[in-house]
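Each chain, written out:
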Amino acid sequence: MTITHPAGATSLLSGPAQAVVSATAAVVAEHAEQITARFYPRMFDEHPELLRVFNLGNQATGEQSRALAASVVAYAVHLIDPAAPSFAHVLRRIAYKHVSLGIRPEQYTIVGRHLLAAVGEVLGDAVTAEVASAWDEVYWLFAAQLIAEEARLYQQAAVDPAEPVRPYRVVRRIEETADVISLVLEPADGAELPKVVPGQYVSVFVNLPDGRRQPRQYTVSSTAIGNRLQITVRRVRGVNGAPDGQVSSFLHDSVQLGDVLELSAPAGDFVVEPSSTPLLLASAGAGITTVLPVVEHIARTQPERTVIVAHADRTAQDHALRETVQHLGRQLDDFTAYTWYETVDPGDTRSYSGYMDLSKIPLPDDIQVFTCGPLPFMRHVRSSLTARNIPASRIRYEVFGPDLWAAQIPG
Ligand SMILES: Cc1cc2nc3c(=O)[nH]c(=O)nc-3n(C[C@H](O)[C@H](O)[C@H](O)COP(=O)(O)OP(=O)(O)OC[C@H]3O[C@@H](n4cnc5c(N)ncnc54)[C@H](O)[C@@H]3O)c2cc1C
Ligand code: HEM
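As the structure is a prediction and not an experimental result, all values here were calculated from the model.

J.: It is not clear to me how the environment of L279 should be interpreted in this structure. Could you clarify?
T.: In this structure, L279 sits in strand β7 (residues 279–284). Among all residues touching L279, those that are not within four sequence positions of it are V272, V294, I298, R305, T306, V307, I308, I367, Q368 and F370.

Printed below as a string of C-alpha coordinates:
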(Lines give C-alpha, C1' and ligand atoms only; values in the text may rest on other atoms or scores of the structure.)
(Ligands and ions follow the chains in the order given, each with its own letter.)
Protein backbone atom coordinates (compact mmCIF):
# COMPACT_ATOMS: atom_id res chain seq x y z
CA MET A 1 0.00 0.00 0.00
CA THR A 2 1.53 3.34 -1.02
CA ILE A 3 0.14 6.29 0.82
CA THR A 4 0.69 9.86 -0.23
CA HIS A 5 -0.32 12.81 1.84
CA PRO A 6 -1.01 15.78 -0.40
CA ALA A 7 0.99 18.85 0.63
CA GLY A 8 -1.02 21.24 2.74
CA ALA A 9 -3.82 18.78 3.52
CA THR A 10 -4.58 18.38 7.20
CA SER A 11 -5.21 15.15 9.01
CA LEU A 12 -6.89 14.56 12.37
CA LEU A 13 -3.80 12.54 13.32
CA SER A 14 -0.85 14.25 15.02
CA GLY A 15 2.26 14.78 12.86
CA PRO A 16 4.37 11.98 14.41
CA ALA A 17 1.45 9.55 14.29
CA GLN A 18 0.86 10.32 10.60
CA ALA A 19 4.40 9.30 9.75
CA VAL A 20 4.21 6.11 11.81
CA VAL A 21 0.78 5.10 10.51
CA SER A 22 1.92 5.74 6.92
CA ALA A 23 4.96 3.57 7.49
CA THR A 24 3.09 0.73 9.23
CA ALA A 25 -0.38 0.74 7.60
CA ALA A 26 0.64 -1.91 5.08
CA VAL A 27 1.97 -4.31 7.70
CA VAL A 28 -1.05 -3.79 9.95
CA ALA A 29 -3.36 -4.33 6.94
CA GLU A 30 -1.52 -7.52 6.07
CA HIS A 31 -1.98 -8.86 9.62
CA ALA A 32 -5.34 -7.24 10.37
CA GLU A 33 -7.36 -10.43 10.36
CA GLN A 34 -4.81 -12.24 12.52
CA ILE A 35 -5.03 -9.32 14.93
CA THR A 36 -8.81 -9.29 15.16
CA ALA A 37 -8.87 -13.10 15.37
CA ARG A 38 -6.74 -12.79 18.54
CA PHE A 39 -8.65 -9.80 19.80
CA TYR A 40 -12.08 -11.41 20.21
CA PRO A 41 -11.09 -14.51 22.27
CA ARG A 42 -9.03 -12.42 24.68
CA MET A 43 -11.82 -9.86 25.07
CA PHE A 44 -14.51 -12.54 25.61
CA ASP A 45 -12.26 -14.28 28.12
CA GLU A 46 -12.16 -11.18 30.28
CA HIS A 47 -15.72 -10.03 29.51
CA PRO A 48 -17.92 -13.10 28.97
CA GLU A 49 -21.00 -10.84 29.29
CA LEU A 50 -20.19 -9.55 25.78
CA LEU A 51 -21.01 -13.01 24.37
CA ARG A 52 -24.64 -11.95 24.85
CA VAL A 53 -24.25 -8.96 22.53
CA PHE A 54 -21.96 -10.27 19.81
CA ASN A 55 -23.38 -12.48 17.08
CA LEU A 56 -21.74 -15.87 17.69
CA GLY A 57 -22.54 -17.03 14.14
CA ASN A 58 -20.42 -14.18 12.79
CA GLN A 59 -17.69 -15.12 15.25
CA ALA A 60 -17.72 -18.72 14.02
CA THR A 61 -17.50 -17.72 10.36
CA GLY A 62 -14.92 -14.97 11.06
CA GLU A 63 -17.05 -12.38 9.26
CA GLN A 64 -17.18 -9.94 12.16
CA SER A 65 -13.44 -10.24 12.62
CA ARG A 66 -12.91 -9.39 8.94
CA ALA A 67 -15.36 -6.48 9.06
CA LEU A 68 -13.64 -4.96 12.10
CA ALA A 69 -10.19 -5.40 10.57
CA ALA A 70 -11.26 -3.88 7.25
CA SER A 71 -12.90 -0.91 8.94
CA VAL A 72 -9.91 -0.04 11.12
CA VAL A 73 -7.48 -0.27 8.21
CA ALA A 74 -9.78 1.75 5.93
CA TYR A 75 -10.16 4.35 8.66
CA ALA A 76 -6.38 4.65 9.06
CA VAL A 77 -5.95 5.03 5.30
CA HIS A 78 -8.65 7.68 5.25
CA LEU A 79 -6.81 9.57 8.02
CA ILE A 80 -3.47 9.66 6.24
CA ASP A 81 -4.82 10.05 2.72
CA PRO A 82 -7.44 12.78 2.46
CA ALA A 83 -7.94 11.74 -1.18
CA ALA A 84 -9.29 8.38 0.03
CA PRO A 85 -13.04 7.78 -0.54
CA SER A 86 -15.39 9.25 2.03
CA PHE A 87 -15.67 7.19 5.18
CA ALA A 88 -18.99 8.63 6.32
CA HIS A 89 -21.13 5.70 5.13
CA VAL A 90 -18.94 3.13 6.92
CA LEU A 91 -19.08 5.13 10.13
CA ARG A 92 -22.85 5.53 9.91
CA ARG A 93 -23.46 1.85 9.33
CA ILE A 94 -21.30 0.81 12.30
CA ALA A 95 -22.90 3.43 14.55
CA TYR A 96 -26.40 2.26 13.67
CA LYS A 97 -25.45 -1.36 14.32
CA HIS A 98 -23.88 -0.43 17.66
CA VAL A 99 -26.92 1.60 18.70
CA SER A 100 -29.27 -1.28 17.85
CA LEU A 101 -27.19 -3.40 20.24
CA GLY A 102 -26.92 -0.90 23.07
CA ILE A 103 -23.15 -0.35 22.80
CA ARG A 104 -21.99 2.21 25.40
CA PRO A 105 -19.06 4.67 25.41
CA GLU A 106 -17.35 3.00 28.37
CA GLN A 107 -17.10 -0.26 26.42
CA TYR A 108 -14.71 1.43 23.97
CA THR A 109 -12.00 1.22 26.64
CA ILE A 110 -12.41 -2.56 26.78
CA VAL A 111 -12.29 -2.97 22.99
CA GLY A 112 -9.36 -0.54 22.67
CA ARG A 113 -7.30 -2.31 25.33
CA HIS A 114 -7.76 -5.75 23.81
CA LEU A 115 -7.40 -4.61 20.22
CA LEU A 116 -4.10 -2.86 20.88
CA ALA A 117 -2.87 -5.79 22.99
CA ALA A 118 -3.70 -8.09 20.06
CA VAL A 119 -1.66 -5.85 17.74
CA GLY A 120 1.28 -6.29 20.12
CA GLU A 121 0.79 -10.08 20.27
CA VAL A 122 0.75 -10.44 16.48
CA LEU A 123 3.39 -7.91 15.46
CA GLY A 124 5.70 -8.49 18.43
CA ASP A 125 8.87 -6.37 18.57
CA ALA A 126 7.77 -4.30 15.55
CA VAL A 127 5.38 -2.55 17.95
CA THR A 128 7.67 0.09 19.44
CA ALA A 129 6.30 2.70 21.83
CA GLU A 130 5.85 5.10 18.87
CA VAL A 131 3.95 2.50 16.84
CA ALA A 132 1.71 1.64 19.79
CA SER A 133 0.99 5.29 20.46
CA ALA A 134 0.20 6.09 16.80
CA TRP A 135 -2.29 3.22 16.50
CA ASP A 136 -3.78 4.11 19.87
CA GLU A 137 -4.42 7.55 18.40
CA VAL A 138 -6.09 6.01 15.31
CA TYR A 139 -8.29 3.84 17.52
CA TRP A 140 -9.40 6.69 19.77
CA LEU A 141 -10.13 9.02 16.86
CA PHE A 142 -12.31 6.32 15.36
CA ALA A 143 -13.90 5.63 18.75
CA ALA A 144 -14.58 9.32 19.38
CA GLN A 145 -16.36 9.68 16.04
CA LEU A 146 -18.42 6.55 16.64
CA ILE A 147 -19.30 7.54 20.21
CA ALA A 148 -20.43 10.99 19.01
CA GLU A 149 -22.54 9.56 16.19
CA GLU A 150 -24.02 6.93 18.51
CA ALA A 151 -24.90 9.57 21.12
CA ARG A 152 -26.72 11.48 18.38
CA LEU A 153 -28.61 8.36 17.25
CA TYR A 154 -29.56 7.35 20.81
CA GLN A 155 -30.88 10.82 21.43
CA GLN A 156 -32.78 10.94 18.13
CA ALA A 157 -34.49 7.62 18.96
CA ALA A 158 -34.96 8.59 22.64
CA VAL A 159 -33.21 5.38 23.68
CA ASP A 160 -31.22 4.92 26.88
CA PRO A 161 -28.23 2.74 25.87
CA ALA A 162 -28.49 0.95 29.22
CA GLU A 163 -31.95 -0.27 28.12
CA PRO A 164 -31.76 -0.64 24.35
CA VAL A 165 -34.67 -3.07 23.95
CA ARG A 166 -38.43 -3.08 24.48
CA PRO A 167 -40.78 -6.07 24.74
CA TYR A 168 -43.00 -6.87 21.74
CA ARG A 169 -45.73 -9.49 21.68
CA VAL A 170 -46.20 -11.80 18.70
CA VAL A 171 -49.78 -11.14 17.59
CA ARG A 172 -49.64 -13.04 14.32
CA ARG A 173 -47.41 -15.61 12.68
CA ILE A 174 -47.63 -16.02 8.91
CA GLU A 175 -46.11 -18.95 7.03
CA GLU A 176 -44.97 -17.14 3.88
CA THR A 177 -43.11 -20.01 2.17
CA ALA A 178 -41.65 -23.34 3.30
CA ASP A 179 -38.62 -21.46 4.69
CA VAL A 180 -39.95 -18.01 5.50
CA ILE A 181 -42.22 -16.74 8.26
CA SER A 182 -43.45 -13.28 9.13
CA LEU A 183 -44.04 -12.28 12.73
CA VAL A 184 -46.38 -9.38 13.41
CA LEU A 185 -45.33 -7.68 16.64
CA GLU A 186 -46.99 -5.18 18.94
CA PRO A 187 -45.34 -3.25 21.81
CA ALA A 188 -46.08 -5.26 24.97
CA ASP A 189 -45.50 -2.26 27.22
CA GLY A 190 -48.50 -0.41 25.79
CA ALA A 191 -46.30 2.33 24.35
CA GLU A 192 -46.51 3.71 20.83
CA LEU A 193 -44.62 2.07 18.00
CA PRO A 194 -41.36 3.98 17.40
CA LYS A 195 -40.94 5.80 14.11
CA VAL A 196 -39.72 3.33 11.48
CA VAL A 197 -38.24 4.65 8.26
CA PRO A 198 -38.93 2.08 5.49
CA GLY A 199 -35.79 -0.02 4.96
CA GLN A 200 -34.66 0.11 8.60
CA TYR A 201 -34.04 -2.97 10.73
CA VAL A 202 -34.42 -3.87 14.39
CA SER A 203 -32.10 -6.00 16.51
CA VAL A 204 -34.10 -8.88 17.95
CA PHE A 205 -32.69 -10.42 21.15
CA VAL A 206 -33.71 -13.98 21.96
CA ASN A 207 -32.99 -16.29 24.88
CA LEU A 208 -32.07 -19.60 23.27
CA PRO A 209 -33.04 -22.96 24.85
CA ASP A 210 -29.38 -23.56 25.86
CA GLY A 211 -29.48 -20.42 28.01
CA ARG A 212 -27.54 -18.19 25.65
CA ARG A 213 -28.84 -14.79 24.68
CA GLN A 214 -28.27 -13.67 21.10
CA PRO A 215 -29.23 -10.70 18.94
CA ARG A 216 -29.88 -10.69 15.20
CA GLN A 217 -31.03 -7.94 12.88
CA TYR A 218 -34.30 -8.18 10.94
CA THR A 219 -35.63 -5.58 8.52
CA VAL A 220 -39.02 -4.18 9.43
CA SER A 221 -40.78 -5.75 6.45
CA SER A 222 -44.06 -3.89 7.01
CA THR A 223 -45.42 -1.10 9.15
CA ALA A 224 -48.78 -0.58 7.48
CA ILE A 225 -50.67 -2.27 10.26
CA GLY A 226 -51.56 0.20 12.99
CA ASN A 227 -49.44 -0.01 16.14
CA ARG A 228 -47.68 -3.10 14.80
CA LEU A 229 -44.57 -3.90 12.87
CA GLN A 230 -43.66 -7.02 11.00
CA ILE A 231 -40.40 -8.90 10.55
CA THR A 232 -39.91 -11.62 7.97
CA VAL A 233 -37.38 -14.34 8.71
CA ARG A 234 -35.81 -16.83 6.34
CA ARG A 235 -34.69 -20.05 8.01
CA VAL A 236 -30.93 -20.42 7.53
CA ARG A 237 -29.89 -24.01 6.97
CA GLY A 238 -26.32 -25.14 7.50
CA VAL A 239 -24.51 -26.31 4.40
CA ASN A 240 -21.41 -28.51 4.08
CA GLY A 241 -21.57 -29.64 7.71
CA ALA A 242 -22.10 -26.16 9.20
CA PRO A 243 -24.86 -25.92 11.83
CA ASP A 244 -28.30 -24.50 11.07
CA GLY A 245 -28.77 -20.82 11.89
CA GLN A 246 -29.37 -20.44 15.63
CA VAL A 247 -31.78 -17.54 15.85
CA SER A 248 -33.68 -18.02 12.59
CA SER A 249 -34.26 -21.70 13.52
CA PHE A 250 -35.40 -20.67 17.00
CA LEU A 251 -37.84 -18.10 15.60
CA HIS A 252 -39.21 -20.68 13.15
CA ASP A 253 -39.38 -23.64 15.53
CA SER A 254 -40.23 -22.10 18.89
CA VAL A 255 -41.87 -18.69 18.63
CA GLN A 256 -45.64 -18.74 18.82
CA LEU A 257 -48.55 -16.34 19.19
CA GLY A 258 -48.43 -14.50 22.52
CA ASP A 259 -44.65 -14.92 22.98
CA VAL A 260 -42.63 -11.83 23.80
CA LEU A 261 -39.48 -10.84 21.89
CA GLU A 262 -37.10 -8.03 22.77
CA LEU A 263 -36.53 -5.49 20.01
CA SER A 264 -34.23 -2.52 19.66
CA ALA A 265 -35.40 0.77 18.21
CA PRO A 266 -35.34 0.83 14.38
CA ALA A 267 -31.87 1.51 12.97
CA GLY A 268 -30.07 1.76 9.65
CA ASP A 269 -29.67 4.19 6.80
CA PHE A 270 -30.80 1.98 3.91
CA VAL A 271 -33.73 4.30 3.43
CA VAL A 272 -35.38 6.00 0.47
CA GLU A 273 -35.41 9.79 0.46
CA PRO A 274 -38.69 11.52 -0.38
CA SER A 275 -37.81 12.72 -3.89
CA SER A 276 -39.49 12.03 -7.21
CA THR A 277 -36.56 10.03 -8.63
CA PRO A 278 -37.60 6.68 -10.14
CA LEU A 279 -36.60 3.67 -8.04
CA LEU A 280 -35.17 0.28 -8.92
CA LEU A 281 -35.41 -2.17 -6.01
CA ALA A 282 -33.23 -5.18 -6.89
CA SER A 283 -33.40 -8.03 -4.38
CA ALA A 284 -32.56 -11.70 -4.01
CA GLY A 285 -33.82 -14.24 -1.45
CA ALA A 286 -34.43 -12.70 1.99
CA GLY A 287 -33.52 -9.28 0.53
CA ILE A 288 -37.20 -9.01 -0.46
CA THR A 289 -37.86 -7.85 3.13
CA THR A 290 -36.36 -4.45 2.22
CA VAL A 291 -38.59 -4.13 -0.86
CA LEU A 292 -42.02 -4.50 0.71
CA PRO A 293 -41.74 -1.59 3.20
CA VAL A 294 -40.49 0.73 0.46
CA VAL A 295 -43.27 -0.17 -2.00
CA GLU A 296 -45.76 0.10 0.87
CA HIS A 297 -44.45 3.56 1.75
CA ILE A 298 -44.42 4.81 -1.85
CA ALA A 299 -47.98 3.53 -2.36
CA ARG A 300 -49.04 5.48 0.72
CA THR A 301 -47.13 8.70 0.10
CA GLN A 302 -46.10 9.03 -3.57
CA PRO A 303 -48.22 6.76 -5.79
CA GLU A 304 -47.09 8.75 -8.84
CA ARG A 305 -43.43 7.78 -8.32
CA THR A 306 -41.99 5.21 -10.77
CA VAL A 307 -40.99 1.95 -9.08
CA ILE A 308 -39.36 -1.05 -10.72
CA VAL A 309 -38.82 -4.18 -8.65
CA ALA A 310 -36.50 -6.96 -9.76
CA HIS A 311 -36.24 -10.10 -7.66
CA ALA A 312 -34.23 -13.31 -7.96
CA ASP A 313 -34.98 -16.52 -6.05
CA ARG A 314 -34.65 -20.26 -6.34
CA THR A 315 -38.25 -20.80 -7.44
CA ALA A 316 -41.58 -18.96 -7.40
CA GLN A 317 -42.50 -21.02 -4.31
CA ASP A 318 -39.46 -19.60 -2.45
CA HIS A 319 -40.30 -16.01 -3.41
CA ALA A 320 -41.66 -14.61 -0.15
CA LEU A 321 -43.98 -11.57 0.00
CA ARG A 322 -44.46 -11.70 -3.74
CA GLU A 323 -48.25 -11.32 -3.67
CA THR A 324 -48.15 -8.47 -1.16
CA VAL A 325 -45.60 -6.52 -3.20
CA GLN A 326 -47.65 -7.12 -6.38
CA HIS A 327 -50.84 -6.03 -4.66
CA LEU A 328 -49.24 -2.78 -3.42
CA GLY A 329 -47.65 -2.24 -6.82
CA ARG A 330 -51.12 -2.12 -8.34
CA GLN A 331 -51.76 1.01 -6.28
CA LEU A 332 -48.89 2.81 -8.06
CA ASP A 333 -49.25 4.70 -11.34
CA ASP A 334 -46.08 3.24 -12.82
CA PHE A 335 -44.97 -0.07 -11.35
CA THR A 336 -43.09 -2.89 -13.10
CA ALA A 337 -41.99 -6.20 -11.60
CA TYR A 338 -39.40 -8.60 -13.01
CA THR A 339 -38.54 -12.03 -11.61
CA TRP A 340 -35.71 -14.47 -12.18
CA TYR A 341 -35.88 -18.01 -10.85
CA GLU A 342 -33.21 -20.67 -10.93
CA THR A 343 -36.05 -23.04 -11.86
CA VAL A 344 -39.04 -21.50 -13.60
CA ASP A 345 -42.39 -23.32 -13.24
CA PRO A 346 -43.73 -24.87 -16.44
CA GLY A 347 -46.27 -22.42 -17.86
CA ASP A 348 -44.73 -19.36 -16.16
CA THR A 349 -43.97 -17.21 -19.20
CA ARG A 350 -43.38 -14.01 -17.24
CA SER A 351 -40.34 -15.03 -15.22
CA TYR A 352 -36.80 -15.27 -16.53
CA SER A 353 -34.69 -18.31 -15.89
CA GLY A 354 -31.31 -18.15 -14.12
CA TYR A 355 -29.54 -15.26 -12.43
CA MET A 356 -30.78 -11.69 -12.56
CA ASP A 357 -29.77 -9.92 -15.78
CA LEU A 358 -30.51 -6.21 -15.65
CA SER A 359 -28.73 -5.43 -18.90
CA LYS A 360 -31.90 -5.54 -21.02
CA ILE A 361 -34.40 -4.03 -18.59
CA PRO A 362 -35.58 -0.56 -19.63
CA LEU A 363 -34.47 1.91 -16.95
CA PRO A 364 -35.01 5.68 -16.72
CA ASP A 365 -31.74 7.67 -16.88
CA ASP A 366 -32.08 9.13 -13.41
CA ILE A 367 -32.87 5.84 -11.68
CA GLN A 368 -31.94 5.46 -7.99
CA VAL A 369 -31.09 1.87 -7.08
CA PHE A 370 -31.55 0.00 -3.81
CA THR A 371 -30.21 -3.53 -3.74
CA CYS A 372 -30.27 -6.20 -1.07
CA GLY A 373 -29.23 -9.84 -1.21
CA PRO A 374 -26.09 -11.96 -0.95
CA LEU A 375 -22.84 -10.08 -1.65
CA PRO A 376 -22.07 -11.79 -5.01
CA PHE A 377 -25.59 -10.90 -6.17
CA MET A 378 -25.15 -7.24 -5.21
CA ARG A 379 -21.72 -7.09 -6.85
CA HIS A 380 -23.33 -8.42 -10.02
CA VAL A 381 -26.18 -5.87 -9.83
CA ARG A 382 -23.73 -3.07 -9.26
CA SER A 383 -21.42 -4.02 -12.12
CA SER A 384 -24.26 -4.55 -14.59
CA LEU A 385 -25.66 -1.13 -13.73
CA THR A 386 -22.35 0.75 -13.77
CA ALA A 387 -21.81 -0.85 -17.21
CA ARG A 388 -25.01 0.98 -18.21
CA ASN A 389 -23.44 4.26 -17.00
CA ILE A 390 -25.52 4.41 -13.83
CA PRO A 391 -23.16 6.13 -11.38
CA ALA A 392 -22.17 4.04 -8.36
CA SER A 393 -23.28 6.96 -6.17
CA ARG A 394 -26.88 6.16 -7.16
CA ILE A 395 -26.62 2.54 -6.06
CA ARG A 396 -27.28 1.85 -2.38
CA TYR A 397 -27.00 -1.59 -0.83
CA GLU A 398 -27.78 -3.49 2.39
CA VAL A 399 -25.74 -6.48 3.57
CA PHE A 400 -27.52 -9.01 5.77
CA GLY A 401 -24.38 -9.61 7.84
CA PRO A 402 -21.23 -7.74 8.80
CA ASP A 403 -20.51 -5.43 5.90
CA LEU A 404 -17.36 -6.74 4.26
CA TRP A 405 -17.89 -4.43 1.31
CA ALA A 406 -18.31 -0.96 2.81
CA ALA A 407 -14.68 -0.32 3.61
CA GLN A 408 -13.74 -1.09 0.01
CA ILE A 409 -16.23 0.98 -1.95
CA PRO A 410 -17.29 4.57 -1.60
CA GLY A 411 -20.89 5.11 -0.48
C1 LIG B 1 -29.17 -5.13 8.60
C2 LIG B 1 -29.63 -6.57 8.52
C3 LIG B 1 -30.93 -6.86 8.16
C4 LIG B 1 -31.36 -8.19 8.08
N5 LIG B 1 -32.65 -8.45 7.73
C6 LIG B 1 -33.07 -9.74 7.63
C7 LIG B 1 -34.43 -10.04 7.27
O8 LIG B 1 -35.24 -9.14 7.07
N9 LIG B 1 -34.79 -11.34 7.16
C10 LIG B 1 -33.90 -12.37 7.39
O11 LIG B 1 -34.29 -13.54 7.27
N12 LIG B 1 -32.60 -12.11 7.73
C13 LIG B 1 -32.19 -10.83 7.88
N14 LIG B 1 -30.89 -10.57 8.26
C15 LIG B 1 -30.01 -11.70 8.60
C16 LIG B 1 -30.24 -12.11 10.09
O17 LIG B 1 -29.82 -11.05 10.94
C18 LIG B 1 -29.42 -13.33 10.51
O19 LIG B 1 -28.09 -13.17 10.13
C20 LIG B 1 -29.98 -14.61 9.89
O21 LIG B 1 -31.31 -14.82 10.32
C22 LIG B 1 -29.11 -15.81 10.33
O23 LIG B 1 -29.08 -15.85 11.72
P24 LIG B 1 -29.03 -17.26 12.47
O25 LIG B 1 -28.85 -17.00 13.93
O26 LIG B 1 -30.17 -18.11 12.07
O27 LIG B 1 -27.73 -17.91 11.88
P28 LIG B 1 -26.31 -18.03 12.62
O29 LIG B 1 -26.39 -19.00 13.73
O30 LIG B 1 -25.84 -16.66 12.92
O31 LIG B 1 -25.44 -18.64 11.44
C32 LIG B 1 -25.15 -17.87 10.30
C33 LIG B 1 -24.33 -18.70 9.33
O34 LIG B 1 -23.11 -19.07 9.96
C35 LIG B 1 -22.92 -20.46 9.81
N36 LIG B 1 -22.21 -20.98 10.99
C37 LIG B 1 -22.60 -20.85 12.28
N38 LIG B 1 -21.73 -21.48 13.09
C39 LIG B 1 -20.78 -22.01 12.29
C40 LIG B 1 -19.62 -22.79 12.51
N41 LIG B 1 -19.26 -23.14 13.74
N42 LIG B 1 -18.89 -23.16 11.44
C43 LIG B 1 -19.26 -22.80 10.19
N44 LIG B 1 -20.34 -22.08 9.91
C45 LIG B 1 -21.09 -21.69 10.95
C46 LIG B 1 -24.32 -21.06 9.71
O47 LIG B 1 -24.31 -22.32 9.06
C48 LIG B 1 -25.02 -20.00 8.91
O49 LIG B 1 -24.81 -20.19 7.54
C50 LIG B 1 -30.45 -9.24 8.36
C51 LIG B 1 -29.14 -8.94 8.75
C52 LIG B 1 -28.73 -7.63 8.84
C53 LIG B 1 -27.32 -7.33 9.27
C1 HEM C 1 -13.36 2.06 17.31
C2 HEM C 1 -13.98 1.00 17.81
C3 HEM C 1 -14.89 0.07 17.03
C4 HEM C 1 -14.88 -0.22 15.71
C5 HEM C 1 -13.96 0.31 14.63
C6 HEM C 1 -15.96 -1.16 15.48
C7 HEM C 1 -16.26 -1.69 14.24
C8 HEM C 1 -17.34 -2.51 14.00
C9 HEM C 1 -17.73 -2.99 12.70
C10 HEM C 1 -17.01 -2.71 11.39
C11 HEM C 1 -18.85 -3.74 12.86
C12 HEM C 1 -19.64 -4.46 11.75
C13 HEM C 1 -20.72 -3.53 11.27
C14 HEM C 1 -21.59 -4.17 10.20
O15 HEM C 1 -22.49 -4.92 10.55
O16 HEM C 1 -21.35 -3.95 9.02
C17 HEM C 1 -19.16 -3.74 14.27
C18 HEM C 1 -20.21 -4.44 14.84
C19 HEM C 1 -20.30 -4.66 16.19
N20 HEM C 1 -19.59 -4.03 17.18
FE21 HEM C 1 -18.14 -2.68 16.94
N22 HEM C 1 -16.57 -1.43 16.66
C23 HEM C 1 -15.95 -0.71 17.64
C24 HEM C 1 -16.28 -0.69 18.99
C25 HEM C 1 -17.15 -1.55 19.58
C26 HEM C 1 -17.41 -1.62 20.99
C27 HEM C 1 -16.77 -0.73 22.05
C28 HEM C 1 -18.29 -2.62 21.19
C29 HEM C 1 -18.84 -3.10 22.51
C30 HEM C 1 -18.35 -4.11 23.15
C31 HEM C 1 -18.63 -3.16 19.89
C32 HEM C 1 -19.54 -4.17 19.64
C33 HEM C 1 -19.99 -4.54 18.39
C34 HEM C 1 -21.00 -5.56 18.18
C35 HEM C 1 -21.69 -6.39 19.26
C36 HEM C 1 -21.19 -5.63 16.79
C37 HEM C 1 -22.13 -6.58 16.02
C38 HEM C 1 -21.33 -7.82 15.76
C39 HEM C 1 -22.01 -8.82 14.88
O40 HEM C 1 -23.17 -8.63 14.49
O41 HEM C 1 -21.35 -9.82 14.55
N42 HEM C 1 -17.93 -2.48 18.93
N43 HEM C 1 -18.25 -2.98 14.94
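That was the structure; now back to the text.
J.: Sorry, what's going on with the site of ligand 1 here?
T.: The full set close to ligand 1 counts 25 residues, and R216, Q217, Y218, P243 and S248 are the nearest of them. Between ligand 1 and the protein, one listed contact pairs an oxygen atom with a side-chain N or O atom of T289 at 2.9 Å. Notes on ligand 1: free accessible area 980 Å², of which the protein chains cover 81%. Of all the elements in the fold, those that place two or more residues in the shell around ligand 1 are α2 (56–61), β4 (213–225), β5 (228–234) and α7 (246–254). A total of four residues in the shell around ligand 1 trace back to one element, the largest contributor, which is β4.

J.: Just to check I follow, could you spell out the coordination of the iron atom of ligand 2 for this structure?
T.: Six octahedral donors around a metal ideally sit at 90 or 180 degrees from one another, while four tetrahedral donors ideally sit at 109.5 degrees. The protein supplies the iron atom of ligand 2 with one donor atom, H98 (NE2), which lies at 2.1 Å. Among the structural elements, H98 can be located in helix α4 (residues 88–101).

J.: Is there a simple way to think about helix α6 (residues 129–156) in this case?
T.: For an α-helix, 3.6 residues make a turn, and residues three or four places apart therefore share a direction. Across its 28 residues, α6 extends 40 Å between first and last C-alpha, which sits within 8% of the 40 Å expected from 1.5 Å per residue. The first or second residue beyond α6 is A158, which carries a positive phi of 50°.

J.: What is the right way to read the site of ligand 2 from this model?
T.: Around ligand 2 lies a shell of 25 residues, among which N58, R93, K97, H98 and D403 are the nearest. Here an oxygen atom of ligand 2 and a side-chain polar atom of R93 are 2.8 Å apart. Separating a nitrogen atom of ligand 2 from a side-chain N or O atom of H98 is a distance of 2.8 Å. Mapped by element, the contributors of at least two residues to the shell around ligand 2 are α3 (63–80), α4, α5 (107–123) and α6. Of all the elements, α4 adds the most residues to the shell around ligand 2, at five residues. Along the lines of polarity and charge, the residues of the shell around ligand 2 split into 15 nonpolar, seven polar and three charged.

J.: I tried to follow the nonpolar core on my own but got confused; where do I start?
T.: Most often, soluble globular proteins keep nonpolar side chains buried together rather than apart. In this structure, L13, V21, M43, W135, V138 and F142 are the most contacted members of the largest nonpolar core, which totals 54 residues. Leaving out residues up to four positions away in the same chain, W135 has contacts with V21, T24, A25, V28, V72, A76 and L116. If you look at the next biggest cluster of nonpolar residues, it comprises 26 residues, including A312, I395, V399 and L404.

Criteria and thresholds
Residues numbered from 1 in each chain as written. Chains lettered and ligands numbered in written order. Predicted model: local features only at pLDDT ≥ 70, side-chain atom pairs only at ≥ 80, totals over all residues. Heavy atoms only, no water. Helix = DSSP H or I, 4+ residues; strand = E, 2+ residues; numbered from the N terminus. Contact = heavy atoms within 4.5 Å. Near = heavy atom within 4 Å. Polar contact = N/O pair within 3.5 Å; in protein donor to acceptor, adjacent residues only side chain to side chain. Areas by Shrake-Rupley, 256 points an atom, 1.4 Å probe, with all protein chains shown as cover. Donors = N, O, S within 2.8 Å, 3.2 Å for Na, K, Ca; no water. Expected span 1.5 Å × (residues − 1). Nonpolar A, V, L, I, M, F, W, Y, C, P; charged D, E, K, R; others polar. Core = buried A, V, L, I, M, F, W, Y, C linked by side-chain atoms within 4.5 Å. Buried < 20%, exposed > 50% of the residue type's maximum accessible area, 1.4 Å probe, protein only.

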